[in-house]
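# Understanding the architecture of this molecule
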Amino acid sequence: MNTQEKQNTITTNQPISFPPEVLARIAPDISLQRHLQLGLRPCLRKFEEFREYRTTDGELSNKNNPCVLGSNISRLGEMFVITTITGGIIEENMPVTEIDTVKDEIPDFEENTKGEVGFASVYPIVQVERGRVGAPTDEEMIVSQKLCESILNSQLITNNSLSINSIGIRNAETQEIVYDSQKEQNERKLLNNRKWSYVLYSKQQVFSRNSPIFELCLNSLVLALKTVKLPRAYIDERAIDLKIPIRTRGRSANIRESYDLNFDINERVPLTLNIANIGFASNFGVIKVENSNEDPILLADLESEAEESSILSRISIISTPTNKGSATTNFKSIYMAASGDNVPMHLLKRALEISCERTNDLYKKLSK
Amino acid sequence: MLDSSRYPEKVLPGDLISPLYDIDNNNEKIVYSFHPGPGTTITKYKINSQEHKVLIATLKGFVHFEELVKTNIDSEGKESEKKEENDTENKNKLADELEAPEVNSDRIIKKYTVIVSKEKKNEMMQDPNLQEGQQDEVNNDFANNLPKEGDIVLCKVTRISAQKANVEILVVENNNCLKDSGVGTNGAGVSSVTGGSGAVTFFISQASSDLGETFKGVIRSQDVRATERDSVKITECFKPGDIVRCKVLSLGDGNNYYLTTAKNYLGVVFAKSLGGAGELMYAIDWKTMIAPTSQVLEQRKCAKPF
Amino acid sequence: MNVQDRRRLLGPPNARPVAFSKVLEEPTEISNVSSNDKALPYMKMGLLTNCNGSSYIESGDDNLMLITSVYGPKPIRGSFTSKAVLTVHLENSIATANNSDGSTDDGKNFNTSDDYKDLSFFLKNIFDSVVQLDKYPKSGIDIFVKVVNTDSANTSNIPKLLQMCCNGILLGLVDANMEISDLVGIGIISHECCVSFIKNGLEMCGFWKMKDEDEQDIEEIVGKCKENYLENKYLISSYLNGD
């Protein structure tokens with residue numbers, strides 16, 4: 001039916017016809033244009049319609065996988081992503097190189113760091129399940145980097161919330177762990193004022209990839225971060241006085257204390273996030289319909305082969321939900337690449353509007 | 001007619017369908033001989049400590065019987081080839097109540113191909129064969145739509161030289177697309193000039209290659225058209241990026257399928273003018289295409305569009 | 001020394017993974033013969049859209065979740081082969097503590113990749129015997145099994161894992177419409193041993209045993225496994241028929 005119509009525009013009377021899925025494979029641009037001319041998208045959604053977003057929180061972080069600190073499974077149409085968050089610790093005086101470089105790029109950043117300690121990010125690894133092994137693809141690397149920067153720039157996690165403020169002490173005999181603020185003071189002295197903080201890692205596996213993945217990954221990562229519970233750290237009473245010589249290359253042995261921090265599986269503290277900075281992402285494409293003199297049209301939430309391979313003008317927006325008090329919305333990131341058709345101003349405005357609506361909708365749904 | 005209700009209708013892989021030979025319920029003289037088609041295979045089965053050859057299903061779906069040729073044993077000479085096949089199978093056969101058919105010259109053999117397919121339709125799809133006409137229906141049945149000899153495939157030209165055009169096979173016509181060959185699996189196709197890191201990933205069965213594995217094919221210059229085969233100039237027939245409808249000549253070597261366009265209905269179906277920069281062109285005769293607005297004429301070996 | 005991985009964001013190099021002390025890993029289940037008839041596994045075919053066949057299995061009793069995807073037949077490079085090449089990849093997709101692909105994993109809370117290679121190879125051998133490889137010339141078939149979640153952090157119950165993987169791959173192949181000669185299945189009797197069967201238990205096509213100390217009657221083992229296999233096969237075929 002559809003195919004017949006498509007083909008009729010090419011030639012009259014009984015032409016060769018291709019089934020829709022075959023046409024989409026051999027000539028995605030033609031397939032897309034034929035659909036758009038009928039007022040449809042290849043996925044049969046309306047131009048500004050999003051796919052349904054469903055999510056499950058925290059199911060994968062349980063007693064049996066204690067290392068998984070937080071998790072989320074998000075589904076957008078048929079595509080879904082499994083996000084798991086794990087952690088590490090690091091001594092705080094060591095600079096974290098990646099974050100330093102970003103500091104230079106954001107002028108605001110310095111100001112913020114004066115009052116507080118600054119903001120932290122997550123180290124994500126994105127894997128798209130596509131039946132391959134080997135090094136990550138360009139897409140996976142780019143999305144990982146973008147996720148890392150987006151979380152940092154949205155100022156969601158403060159360094160304070162990741163630092164370990166009190167270290168418990170385990171009694172050698174009773175095996176009980178005491179977290180006491182009084183003792184903590186003493187212990188601080190014992191530990192030579194050394195401080196530790198957590199580092200967060202995430203692993204995101206994308207299945208059934210049929211559209212750009214960044215937006216889904218970001219939303220899932222943010223939701224997973226909301227579920228993160230950091231285990232409290234403790235140290236063995238006996239280990240406090242332990243000194244271990246550490247040999248560094250080319251020098252004589254230094255005597256240095258090494259504290260073997262352990263983690264308490266039963267005591268967990270939720271990670272505090274800057275709730276106001278939680279943002280959700282949505283993407284848009286802009287394309288001109290052939291044989292029409294009108295402006296290009298805006299498509300929300302790109303999906304399917306035809307759209308992805310022939311729409312090169314894209315907008316990706318991260319926005320925070322509108323607060324009840326203030327009417328202004330906070331945009332965390334706007335990314336636009338007009339490598340295909342030009343993006344007129346009114347479409348960009350429209351995209352911003354829709355992204356806010358989408359974010360508010362998601363926020364309402366997810367905070368229930 | 002074959003009474004198919006005697007055999008299972010719905011099967012799972014490994015289920016028994018039928019013995020290789022069977023006798024009609026009503027007429028002892030009619031012998032059915034079953035051949036394995038798609039979704040079935042021959043295996044040995046032990047019944048009462050005796051081995052029998054039987055047909056079993058290898059797919060989940062519905063059983064269909066398709067009559068092949070009506071064979072009368074008396075007219076043996078005519079069917080030399082098919083007969084031979086039959087004979088070798090007969091030698092292996094251990095069915096007790098059936099002697100070799102040649103001995104019972106009064107028996108009528110009816111050959112059936114047994115097919116298992118997902119569809120419950122009685123009308124099975126015909127092979128997408130070389131008829132000029134096309135079926136409208138897509139055969140969504142088999143993932144087993146690897147290009148075979150005689151199949152019609154749609155390809156994209158990747159490289160041309162004086163002797164041949166290299167293509168990659170996109171789909172086997174009238175078969176469904178393999179889901180794992182699209183953007184979702186192969187990536188958006190936009191990667192850095194050097195091939196990016198995409199070049200480092202590979203799917204395991206393959207030692208290493210670029211991203212986006214498709215079956216590759218070759219159209220040699222002598223296979224482009226049926227007449228004046230020696231004077232073919234590839235550049236006047238194909239350009240990189242064209243979508244070409246071809247027929248598979250042979251499975252070829254390890255790397256390439258050998259394809260031909262030496263038929264009226266084979267050749268370029270979609271092409272853009274100016275080496276892909278221009279607009280979509282339409283065929284006006286078998287070797288010329290035209291771009292409708294710019295009126296640019298370009299030479300191609302076109303497929304008959306009707 | 002490790003060459004630094006510059007393709008992934010691995011975070012600060014001197015970070016230590018959050019790992020929990022071994023004390024907590026006391027075996028939660030006593031390794032006796034657990035019959036899996038208490039909770040039926042949940043099965044679903046066709047979960048993923050960008051592969052030819054896929055399945056999802058969640059075993060009822062120990063929270064094991066598997067996603068299987070079948071890719072191919074895909075073209076293979078090199079010399080002409082008349083048969084398809086089958087590969088099976090079993091991998092743990094639970095995030096490891098330090099987030100790379102396990103090679104630099106200090107917190108050995110997770111299965112080492114070695115074990116998984118063994119298992120992959122075992123599964124490959126099983127499926128080599130049932131997939132009709134000669135119907136797919138010049139091509140390769142890749143099967144990926146991802147363990148999304150599991151209760152037993154260590155490989156305490158390999159046979160159970162193998163059984164579920166086998167079921168998952170089987171459903172994936174059926175979903176992909178690959179030609180397979182039988183519904184192959186694995187029967188387990190203990191946490192150490194499992195046997196795979198075809199043709200309703202008439203033929204064996206795989207045998208896995210981990211501990212060799214206790215002399216057991218092989219025939220007895222096979223007999224018990226066969227019972228379990230038939231139960232399992234009944235489950236699979238009733239799922240496929242009800243679908």
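Okay, so let's go over this structure. As the structure is a prediction and not an experimental result, all values here were calculated from the model.

### A short note on the overall build of chain B
Scanning chain B from terminus to terminus reveals 2 helices and 17 strands. Looking at chain B as a whole, 50% of its 306 residues qualify as buried. By element, 49% of the accessible surface of chain B is carried by carbon and sulfur atoms, the whole surface being about 14800 Å².

### Here we look at the interface of chain A and chain C
Of the residues lining the interface, 55 residues belong to chain A; the matching set on chain C comes to 41 residues. Of the roughly 4200 Å² buried between chain A and chain C, counting both surfaces, carbon and sulfur atoms make up 58%. Between Lys 146 of chain C and Glu 129 of chain A there is a salt bridge, with the nearest N and O atoms lying 3.3 Å from each other. Here chain A and chain C share 5 residue pairs in polar contact (both at pLDDT 80 or more) between them. Elements represented by at least two residues in the side of chain A that touches chain C include exactly strand 3 (79-91), strand 5 (122-128), helix 6 (138-153), strand 9 (196-207), strand 10 (229-236) and strand 13 (262-270) of chain A. At 8 residues, the largest contribution of residues to the side of chain A that touches chain C is made by strand 3 of chain A. Of the residues assigned to the side of chain A that touches chain C, the class counts are 28 nonpolar, 16 polar and 11 charged. Both strand 3 of chain A and strand 1 (residues 16-17) of chain C contribute to a ladder of 2 bridges, which runs antiparallel. The residue bridging Gly 88 of chain A from the neighbouring strand is Pro 17 of chain C, located in strand 1 of chain C.

### Looking at the pairing of strand 11 (residues 215-220) of chain B
All names here are of chain B. In terms of residue burial, strand 11 counts as a mostly covered element, since 5 of its 6 residues are buried. In the sheet, strand 10 (residues 164-172) pairs with strand 11 via 6 bridges, with the strands oriented antiparallel. Within the sheet, the bridge partner assigned to Lys 164 lies in strand 11 and is Arg 220. Examined bridge by bridge, strand 11 and strand 13 (residues 256-260) share 4 bridges and lie parallel to one another. Residue pairing in the sheet places Lys 216 in a bridge with Asn 256 of strand 13.

### Details of the sheet that holds strand 17 (residues 297-299) of chain B
Residue and element names in this part refer to chain B. Across the sheet, 3 strands lie side by side as 15-16-17; this open sheet has antiparallel pairing. Each edge of the open sheet is held by one strand with a lone partner, namely strand 15 (282-285) and strand 17. Sheet twist, expressed as the mean angle between neighbouring strand axes with direction ignored, is 40°.

### Some thoughts on helix 11 (residues 345-366) of chain A
End to end, helix 11 of chain A covers 31 Å across 22 residues, agreeing with the expected 32 Å (1.5 Å per residue, within 8%). Within the span of helix 11 of chain A, buried status applies to Leu 347, Leu 348, Ala 351, Leu 352, Ile 354, Ser 355, Cys 356, Arg 358, Thr 359 and Leu 362 of chain A.

### Some details on a nonpolar patch on the surface
Residues and elements named next belong to chain C. On the surface, Met 204, Phe 207 and Ile 218 cluster together into a nonpolar patch covering about 260 Å² of accessible area. For Ile 218, the location among the structural elements is in helix 3 (residues 218-242). For Ile 218, a relative accessible area of 44% gives the class partly exposed.

### Some points on helix 6 of chain A
All names here are of chain A. With 16 residues, helix 6 ought to run about 22 Å at 1.5 Å a step, and its terminal C-alpha atoms sit 22 Å apart, in line with that. Every buried residue of helix 6 is accounted for by Asp 138, Glu 139, Glu 140, Val 143, Ser 144, Leu 147, Cys 148, Ser 150, Ile 151 and Leu 152. Of the residues trailing helix 6, Gln 155 is marked for its positive phi of about 55°.

### Quick word on the state of the cysteines
Using the criterion set out here, one finds 0 disulfides over all chains in the structure. A disulfide-free cysteine, Cys 155 of chain B has its sulfur positioned 3.8 Å from the sulfur of Cys 246 of chain B, the nearest such atom. Between Cys 205 of chain C, a free cysteine, and Cys 166 of chain C, which holds the nearest cysteine sulfur, the sulfur-to-sulfur gap is 7.7 Å.

### Structural notes on the sheet that holds strand 7 (residues 168-170) of chain A
Where strands meet in a sheet, backbone hydrogen bonds hold them as pairs that are either parallel or antiparallel. All names here are of chain A. One open sheet accounts for 4 strands, arranged 8-7-10-13; its pairing is mixed. Looking at which strands have only one partner, the edges of the open sheet turn out to be strand 8 (177-178) and strand 13. Sheet topology places strand 7 next to strand 8; 2 bridges connect them, and they run antiparallel. Of the residues in strand 8, the one forming a bridge with Ile 169 is Val 178.

### A few points about the packing of helix 6 of chain A against helix 9 (residues 214-226) of chain A
All names here are of chain A. One way to put it is that helix 6 packs onto helix 9 with a least axis distance of 10 Å and a crossing angle of 45°. Here helix 6 is positioned oblique relative to helix 9, judged by the angle of their axes. Crossing angle aside, the handedness with which helix 6 passes helix 9 is right-handed. Across from Val 143, Lys 146, Leu 147, Ser 150 and Ile 151 in helix 6, the residues of helix 9 making contact are Phe 214, Cys 217, Leu 218, Leu 221, Val 222 and Leu 225. Of the residues belonging to the contact of helix 6 with helix 9, the class tally is 9 nonpolar, 1 polar and 1 charged.

Rules and cut-offs
- Residues numbered from 1 in each chain as written.
- Chains lettered and ligands numbered in written order.
- Predicted model: local features only at pLDDT ≥ 70, side-chain atom pairs only at ≥ 80, totals over all residues.
- Heavy atoms only, no water.
- Helix = DSSP H or I, 4+ residues; strand = E, 2+ residues; numbered from the N terminus.
- Buried < 20%, exposed > 50% of the residue type's maximum accessible area, 1.4 Å probe, protein only.
- Areas by Shrake-Rupley, 256 points an atom, 1.4 Å probe, with all protein chains shown as cover.
- Contact = heavy atoms within 4.5 Å.
- Buried area = accessible area lost by both parts, 1.4 Å probe.
- Salt bridge = Lys/Arg side-chain N within 4 Å of Asp/Glu carboxyl O.
- Polar contact = N/O pair within 3.5 Å; in protein donor to acceptor, adjacent residues only side chain to side chain.
- Nonpolar A, V, L, I, M, F, W, Y, C, P; charged D, E, K, R; others polar.
- Pairing = 2+ DSSP bridges.
- Axes fitted to C-alpha atoms, helices over the stretch in contact; angles between N-to-C directions.
- Expected span 1.5 Å × (residues − 1).
- Patch = residues over 30% accessible without salt bridge, like charges linked within 9 Å, V, L, I, M, F, W, Y side chains within 5 Å.
- Disulfide = S-S within 2.5 Å.
- Parallel < 35°, antiparallel > 145°, perpendicular 65-115°, else oblique.
- Left-handed = near helix turned anticlockwise from the far one by under 90°.

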